[in-house]
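# Examination of the molecular architecture
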Amino acid sequence: NTLYCSGQIAINPQTGDLVIDNITNETMQVMRNISEVLKAADMNFSNVVKSSIFMKDMNDYSEINKVYSMSFSEEPPAREAIEVSTLPKNVNVEISVIAVK
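This structure is a prediction, so every number in the text was calculated from the model and none was measured.

Here we come to the overall build of the chain. Across its full length, the chain holds two helices and four strands. When the helices and strands of the chain are read in sequence order from the N terminus, they spell out β-α-β-α-β-β. Buried positions account for 38% of the 101 residues belonging to the chain. Considering only contacts in the chain between residues 6 or more positions apart, those separated by 24 or more positions represent 76%. Summed over its atoms, the accessible surface of the chain is roughly 5700 Å², and 47% of this surface lies on carbon and sulfur atoms. Charge-centre separation for the chain: the mean point of 8 positive side chains lies 4 Å from the mean point of 13 negative side chains.

What follows deals with the nonpolar core. In terms of nonpolar packing, the biggest core is built from 22 residues, with M31, I34, L38 and I95 touching the most fellow members. Every element with two or more residues in this core is listed here: β1 (2-8), α1 (23-40), β2 (48-55), α2 (61-69) and β4 (93-100). Examining the composition of this core, we find that five residues originate from one element, α1, more than from any other. Those residues in contact with M31, other than ones at most four positions away along the chain, are F45, V67, Y68, S71, F72 and I95.

Geometrically, a pair of aromatic rings is defined through the distance of the ring centres and the angle of the planes. What the rule picks out here adds up to two aromatic pairs. Considering the side-chain rings of Y68 and F72, the 5.0 Å spacing of their centres and the 50° angle between planes classify their relative orientation as tilted. We classify Y68 as buried; its relative accessible area is 1%.

Another point: the side chain of Q29. Mapped onto the elements of the fold, Q29 is located in helix α1. There is a polar contact of 2.8 Å between the side chain of Q29 and the side chain of N33. Q29 has contacts with A10, I11, N12, P13 and V19, leaving out every residue within four places of it along the chain.

Turning next to α2. Of all the positions in α2, only I64, N65, V67 and Y68 are classed as buried. For α2, the angular spread of the buried residues around the axis is 165°, confining them to a single face. On the buried face of α2, the contacting elements are α1, β2, β3 (78-83) and β4.

Before going further, it helps to examine α1. Between its first and last C-alpha atoms α1 spans 26 Å; for 18 residues at 1.5 Å apiece the expected length is 26 Å, and the two agree. Among the structural elements, β1, β2, α2 and β4 are those in contact with the buried residues of α1. N-cap assignment for α1: the residue whose side-chain oxygen lies 3.1 Å from the backbone N of T24 is N22. In the stretch just after α1, D42 is the one whose phi turns positive, near 60°.

Cut-offs and rules
Residues numbered from 1 in each chain as written. Predicted model: local features only at pLDDT ≥ 70, side-chain atom pairs only at ≥ 80, totals over all residues. Heavy atoms only, no water. Helix = DSSP H or I, 4+ residues; strand = E, 2+ residues; numbered from the N terminus. Buried < 20%, exposed > 50% of the residue type's maximum accessible area, 1.4 Å probe, protein only. Contact = heavy atoms within 4.5 Å. Areas by Shrake-Rupley, 256 points an atom, 1.4 Å probe, with all protein chains shown as cover. Lys, Arg positive; Asp, Glu negative; His and termini not counted. Charge placed at Lys NZ, Arg CZ, Asp CG, Glu CD. Core = buried A, V, L, I, M, F, W, Y, C linked by side-chain atoms within 4.5 Å. Phe/Tyr/Trp six-rings, centres within 6.5 Å; stacked < 30°, edge-to-face > 60°. Polar contact = N/O pair within 3.5 Å; in protein donor to acceptor, adjacent residues only side chain to side chain. Arc of directions from axis to C-beta. Expected span 1.5 Å × (residues − 1).

In structure tokens form, the structure reads like this:
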């Protein structure tokens, strides 16, 4: 009953293209990807108990957090935000979650 969703980046599953035109759109695509993983496990964002947000630039945190928070109807789950030097495919944000039914 526990889902460990590996880090999701902003790959559009229909095209395979990265959505990296700006941090808002990039984070929105990441959250859509997480939503689809949760849906496949018969879960949704209310099941998320922990998130890890990895970002290239901590100055993007405010905008990332704004988009991230839109996915939760109540308080977002426990999370950590970490600035890293490089992410897969040179994206700007990657988010992983743990969800429990």
